[in-house]
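Residue-level listing of the chains:
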Amino acid sequence: MKSNQIFKLLMLALLALAGCEKANIDVDTTAVDGSAIGEVSGVWAKGSTQVIKGDIVIPEGKSLTIEEGVTVLMDTLAKPEIIVKGNLYALGTAENPVKFTVNEFYKTAQKKFGKLWGGILAGPTCEELVLDHAIIEYGGSTTSDASTSVKMGLYKAVAGENLPALWFANAKGRLVVQNSVFRNLQEDCTYIEGGKIIFANNVFYTTGVTGGEAMNFKSGCLADIAYNLVYSTNTNALKLSNTGDKTPQTYIIAYNNTLVNTGWRRPTAKGGSVWMESTVRADLYNNLFANTRFGVKRDPKKPEDARSAYSNNWYYGYDQATVNQFQPGGDIIGGKNDVIGTTAGANDPKFVNYPVNTAVSNADFNTAWDFHLQGNSPALGKGITNFTRHHAAGIVMKNGITYISPAPATFVGAYGTKI
């Protein structure tokens, strides 16, 4: 009896210990990896890897929050689309960004323009979408009749279209894209059809094979575009248009952006750096154009709204051919207090580390380049700050976060001197 009682006590102790261990697992806060296809919502936990094996849909009225350090790994055979009918919040940090990507094995020079998965496609029922400290790369596949976006009538709703990395289409919605990187994409990085919008502190490079813009805005957009670096887009850095039937009229305020080598890889296309069309209203201040194809160019058939304003933009061309083609006149727009030299090499902004003689056709980006301004840069102190931006009071999201468009700076371009 005594030995039996001892045995029972030992068993109870072991069971209690097992129960404690199980309890610890239940409350464990470490990452939970997973895979997904079909409808998704809820939270993808910090630091986890989520393997996307087919098209996924965030249902209308629901939300998906992606926490810092999550890797969203796309199946390159299925080429998934992320369909956002509800809300999406990708909330990374500088140290731990959210990554929408593919397996490292596929990141080759032959695949540098992506096409390995679809894109993030937010339809008219998406009220809110945030990409904060996110990396979006190797997307832009071509739609087919089997694509969920085609079946749902989203984006251009036909087979054979090259998808943008991000599409947003709710004129009453709210869209914030900040501190993020768009790279290695087949065509457009973003294609935006309406909403209250902030694009700030982003980087765009190695994008566009036969077309493609960094930021493509259609009717219904009220956007602040600031402190973005755009390098060697195939077509425009900014395509600003009021095309479509949405209200309000598109009104873009773009300031303190740095555009380098944009537009040269598609020399027969309209535009080349900032393209204004279809009665768009746009205010452009403190933007730095370095070796770009043209500067700000208008559509002569449907010119921009007469209330548009341009001031204190800076132009640099390494050779005379580049300088000649951004001179104001005809379709090329010049602004008040713009700095536009007439000879090769004039107005060198003095980047900390970028060879200004880099071929304008080069699409490969060196992450060691530094587009801050040297302390003796003539572009310092040449910007203005006395203009109104759309979202200075902020865009308030349902998750309780308020996003404010950054204040303008007195330097020209996206980066001042290094601190």
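Here goes a summary of the coordinates provided. From a predicted model like this one, the values you see are computed outputs, not experimental measurements.

### Things to note about the environment of Asp348
When you line up the elements, Asp348 lands in the loop between β31 (339-340) and β32 (351-353). When its relative accessible area of 26% is taken as the criterion, Asp348 is described as partly exposed. When the C-alpha positions of Asp348 and Gln110 are compared, they lie 34 Å apart, and in sequence the two are 238 residues distant. When neighbours within four sequence positions are excluded, Asp348 is seen to be in contact with Tyr316, Val356 and Pro378.

### Quick word on the nonpolar core
By size, the foremost hydrophobic cluster in this structure holds 65 residues, and its most contacted members are Phe100, Leu129, Leu131 and Phe217. Residue contacts for Leu131: discarding those within four places in its chain leaves Ala90, Phe100, Ile120, Ile136, Leu166, Val176, Val177, Gln178, Ser180 and Phe182. Of all hydrophobic cores here, the second largest spans 29 residues; its members include Ile135, Tyr227, Leu288 and Ala409.

### Let's talk about the pattern of salt bridges
Counted according to the given criterion, the structure contains ten salt bridges. Among the ionic pairs, Arg183 bridges to Glu137, the shortest N-O distance being 2.7 Å. With Arg183 in strand β14 (residues 181-185) and Glu137 in strand β11 (residues 134-137), this residue pair connects regions lying 46 residues apart in the sequence. A single network of salt bridges, built from pairs that share partners, joins Glu104, Lys107, Glu137 and Arg183.

Criteria and thresholds
Residues numbered from 1 in each chain as written. Predicted model: local features only at pLDDT ≥ 70, side-chain atom pairs only at ≥ 80, totals over all residues. Heavy atoms only, no water. Helix = DSSP H or I, 4+ residues; strand = E, 2+ residues; numbered from the N terminus. Buried < 20%, exposed > 50% of the residue type's maximum accessible area, 1.4 Å probe, protein only. Contact = heavy atoms within 4.5 Å. Core = buried A, V, L, I, M, F, W, Y, C linked by side-chain atoms within 4.5 Å. Salt bridge = Lys/Arg side-chain N within 4 Å of Asp/Glu carboxyl O.

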